[in-house]
2 protein chains.
Amino acid sequence: MGSVTVYGPPISPAVSRVLACLLEKDVVFNLVNIDMSKAQHKSPDFLKIQVASPPPLLLFFPTVSILLLNLPFGQVPAFQDEHTTLFESRAICRYICDKYADRGNRSLLGRRGGGLVERAHVEQWLEAEGQSFNPPSSTLVFQLAFAPQMGLPQDPAAIVLNEGKLAKVLDVYERQLQESRFLAGDEFSLADLSHLPNSHYIRAGGKEELFTSRKHVARWWEEISMRPSWQKVVEMQRTPPA
Amino acid sequence: MGSVTVYGPPISPAVSRVLACLLEKDVVFNLVNIDMSKAQHKSPDFLKIQVASPPPLLLFFPTVSILLLNLPFGQVPAFQDEHTTLFESRAICRYICDKYADRGNRSLLGRRGGGLVERAHVEQWLEAEGQSFNPPSSTLVFQLAFAPQMGLPQDPAAIVLNEGKLAKVLDVYERQLQESRFLAGDEFSLADLSHLPNSHYIRAGGKEELFTSRKHVARWWEEISMRPSWQKVVEMQRTPPA
């Protein structure tokens, strides 16, 4: 029975980022699915989610069945490790890598012994993901994947605008990936991992060409998306909640 | 003579974030101002800035007068520490805190001995800044401070929209700052520091009320903006380039 619990639906890009990280690190965890559409009306600004029904089984049954989670910005995931609760997916991933440094993939924040400079290069590209890649790609994920599912009309102008913005970011990545196998060097890192969720939905939404038209980005995507950790996350996304 | 050099104008919010961090950490550094309007036309996508003229004196004279800097996204600052070059201001700040752990303020990433959980709480609110506070506040900084300076018309709709978005973020902060003196706990941290640049311009641009109308946000802003490190950065911003 693991002490780590993730609260949120695996179809959420931020939740799936944390799941991919836990799987890379071979950390046993519980996943408690949350129907955000039911939870959010309770308190739009400072969300306290009451998990009252037995949560669905994914890896283990949580032993707690009633929990109040603070999600200040109303966004999943919430994360719990013993007495520590956290929000913000990238901060949670850093914590997992630091806390479970000796488990699973030991290079996600730079190789052991790689020193501060390797970690800094990972942080640099993780920030590039958060600041440059995420804004246009999040809009595309919503427009291409979630709006149709929610029965909302797509906004063609927003799609064109953000496709253009994302193309410029991927042009930068193409140059970087011509120099190195992964964004931060020769090892798969948290910087690469953090791109998986949005990229997955953008490709599934019919915009594969953003990736396939760039030789090195295409090669990079093939490699990172075939990792067993991410394949497992995709499988979890396809599994309907119990 | 310090080995650390920051390239970029101190009026840039991202540059000033790094300067505030270096000053908190008592790290001696060189600042090489860059006229971005002249540099950017050379290569809009993958900016290599040639610093050919003797850079302006700020703290020390750089010993190098010709440098090629890679700024993949065309954004300052660039940062150099011996043979390490980095971009992305928040990644640079983390590197400074890790590399110079024993200098100056030792609590910016959680107190020494505070362990991984304290660092995780700082990371959590640093991500909140980057993901929730920065997008609307960056737009406001451009509209309120830089557009008028550049002779560009302001976009009143964008101001109203982003003021509303920022107000919701500050409502979350108000609740958090009712619980703790600073965002991540009882100590000033990188999470607080990272809010200084945009907040400064938004207040100077006539939107102080976003901060003063919220009791705990107002108290927090008074405390973090009066720190000698930030006062020094504001002084550097007012000093015309040599």
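Computed from a predicted structure; not experimentally measured. (Residues numbered from 1 in each chain as written. Chains lettered and ligands numbered in written order. Predicted model: local features only at pLDDT ≥ 70, side-chain atom pairs only at ≥ 80, totals over all residues. Heavy atoms only, no water.)

Draft legend 1. Spotlight on the packing of helix α3 (residues 89-99) of chain B against helix α4 (residues 115-149) of chain B. Residue and element names in this part refer to chain B. It is at 12 Å that the axes of α3 and α4 come closest, and there the two elements cross at 160 degrees. In this view, α3 runs roughly antiparallel relative to α4, as classed from their interaxial angle. In this structure, α3 meets α4 at a crossing whose hand is right-handed. Of the residues in α4, those in contact with R90, R94 and D98 of α3 are R119, E123, L126, E127, E129, G130 and N134. (Axes fitted to C-alpha atoms, helices over the stretch in contact; angles between N-to-C directions. Helix = DSSP H or I, 4+ residues; strand = E, 2+ residues; numbered from the N terminus. Parallel < 35°, antiparallel > 145°, perpendicular 65-115°, else oblique. Left-handed = near helix turned anticlockwise from the far one by under 90°. Contact = heavy atoms within 4.5 Å.)

Draft legend 2. Focus on the relation of the copies chain A and chain B. For the pair chain A and chain B, the superposition axis carries a translation of 0.0 Å, the fit reaches an RMSD of 0.0 Å, and the rotation angle comes to 180 degrees. In the structure described here, the two chain copies are related by an operation that fits a two-fold rotation axis. Both copies share a contact surface, since 100% of the interface residues of chain A are interface residues in chain B too. (Least-squares fit on C-alpha atoms with pLDDT ≥ 70 in both.)

Draft legend 3. A look at the pairing of strand β5 (residues 78-81) of chain B. Residue and element names in this part refer to chain B. Alternating residues of β5 divide into A78 and Q80 and F79 and D81, and every residue in both groups is buried. Judged from the 4 bridges that link them, strand β1 (residues 4-7) and β5 form a sheet pairing that is antiparallel. In the sheet register, T5 faces β5, and the bridge partner there is Q80. One ladder, built from 3 bridges, connects β5 with strand β6 (residues 84-86); its direction is antiparallel. The partner of D81 across the bridge, within β6, is T84. Adjacent in sequence and paired antiparallel, β5 and β6 are bridged by 2 residues, among which E82 carries a positive phi angle near 50 degrees. (Buried < 20%, exposed > 50% of the residue type's maximum accessible area, 1.4 Å probe, protein only. Pairing = 2+ DSSP bridges.)

Draft legend 4. Highlighting a nonpolar patch on the surface. Residues and elements named next belong to chain A. Taken together, the side chains of F142, M150 and L152 make up a nonpolar region of the molecular surface, amounting to roughly 280 Å² of accessible area. Tracing the backbone through its elements, the reader meets L152 in the loop between α4 (115-149) and α5 (156-179). Of the residues examined, L152 reaches a relative accessible area of 41% and is grouped as partly exposed. (Patch = residues over 30% accessible without salt bridge, like charges linked within 9 Å, V, L, I, M, F, W, Y side chains within 5 Å. Areas by Shrake-Rupley, 256 points an atom, 1.4 Å probe, with all protein chains shown as cover. Salt bridge = Lys/Arg side-chain N within 4 Å of Asp/Glu carboxyl O.)

Draft legend 5. Structural view of the sheet that holds β5(B). Residue and element names in this part refer to chain B. The mixed open sheet is built from 4 strands, whose spatial order is β2-β1-β5-β6. Only two strands of the sheet have a single partner each, and these edge strands are β2 (29-32) and β6. Across the sheet, the mean angle from the axis of one strand to that of its neighbour is 15 degrees, orientation sign disregarded.

Draft legend 6. Region of the structure containing unusual backbone geometry. Residue and element names in this part refer to chain A. The omega angle of the peptide bond from V76 to P77 is 0 degrees, so this bond is cis rather than trans. Examined against the element boundaries, P77 turns out to sit in the loop between β4 (68-71) and β5 (78-81). Notably, D26 is not glycine yet its phi reads approximately 55 degrees, a positive angle. With respect to the helices, strands and loops of the structure, D26 is situated in the loop between α1 (13-24) and β2 (29-32). A relative accessible area of 48% places D26 in the partly exposed class.

Draft legend 7. Fine view of helix α10 (residues 228-238) of chain A. All names here are of chain A. Inspection of α10 places S229, W230, V233, V234, M236 and Q237 among the buried residues, and these make up the whole buried set. In an axial view of α10, the angular spread of the buried residues amounts to 160 degrees, which keeps them on one side of the axis. Set apart from the buried face of α10 by more than 90 degrees, the exposed residues are P228 and R238. On its buried side, α10 packs onto α1, β2, α7 (196-207) and α9 (215-225). (Arc of directions from axis to C-beta.)

Draft legend 8. Quick peek at the sheet that holds strand β6 (residues 84-86) of chain A. All names here are of chain A. The mixed open sheet is built from 4 strands, whose spatial order is β2-β1-β5-β6. Unpaired on one side and paired on the other, β2 and β6 mark the two borders of the sheet. The mean angle between the axes of side-by-side strands here comes to 15 degrees, regardless of whether they run parallel or antiparallel.

Draft legend 9. Examining the pairing of β1(B) more closely. Residue and element names in this part refer to chain B. By the alternation rule, side chains of β1 split into V4 and V6 and T5 and Y7, which are all buried. In terms of strand pairing, β1 meets β2 through 4 bridges, oriented parallel. What sits directly across from Y7, in β2, is V32. At this point the chain moves from β1, through helix α1 (residues 13-24), to the parallel β2, and the crossover so formed is right-handed. (Right-handed = clockwise from strand over helix to strand, strands pointing away.)

Draft legend 10. Expanded view of the confidence of the model for chain A. Residue and element names in this part refer to chain A. Of all residues in chain A, 83% have pLDDT values of 70 or greater, and the mean over the chain is 87. Here residues 40-46 is modelled with pLDDT under 50, and outside its nearest four sequence neighbours on either side it reaches 13 contacts, counting other chains as well. Below a pLDDT of 50 lies the segment residues 50-67, which in the model reaches 36 contacts outside its immediate sequence neighbourhood of four places, other chains included. (pLDDT = per-residue confidence, 0-100.)

Draft legend 11. Representation of the interface of chain A and chain B within the structure. Listed as interface residues are 33 residues of chain A and, on the opposing side, 33 residues of chain B. When chain A packs against chain B, the two sides together hide about 3,100 Å² of surface, and 64% of this comes from carbon and sulfur. On the chain A side of the contact with chain B, F73(A), Q124(A) and Q131(A) bury the most area, a combined 18% of that side's loss. Where chain A packs against chain B, one counts 4 salt bridges. Its salt-bridge partner being R94(A), residue E123(B) comes within 3.6 Å of it at the nearest N-O pair. Elements that contribute at least two residues to the side of chain A that touches chain B include exactly β6, α3 (89-99), α4 and α5 of chain A. (Buried area = accessible area lost by both parts, 1.4 Å probe.)

Draft legend 12. Region of interest: the environment of E24(A). Residue and element names in this part refer to chain A. On the secondary structure map, E24 appears in helix α1. Between the C-alpha atoms of E24 and G104, which are 80 residues apart in sequence, the distance is 6.1 Å. When residues no more than four places from it in sequence are discounted, the contact partners of E24 are G104, N105, L108, F188, L193, R227 and S229.

Draft legend 13. Layout of the packing of aromatic side chains. Residues and elements named next belong to chain A. For the structure shown, the criterion picks out 22 aromatic pairs over all chains. Aromatic side chains W125 and Y173 sit 5.8 Å apart centroid to centroid with 80 degrees between the ring planes, which places their arrangement in the edge-to-face category. With W125 in helix α4 and Y173 in helix α5, this pair connects stretches of sequence that are 48 residues apart. Both residues of the pair, W125 and Y173, count as buried. (Phe/Tyr/Trp six-rings, centres within 6.5 Å; stacked < 30°, edge-to-face > 60°.)

Draft legend 14. How the structure looks around the environment of P197(A). Residue and element names in this part refer to chain A. Counting through the fold element by element, P197 comes out in helix α7. The sequence separation of P197 and V233 amounts to 36 residues, and the corresponding C-alpha distance is 9.4 Å. When neighbours within four sequence positions are excluded, P197 is seen to be in contact with P13, S16, R17 and W230.

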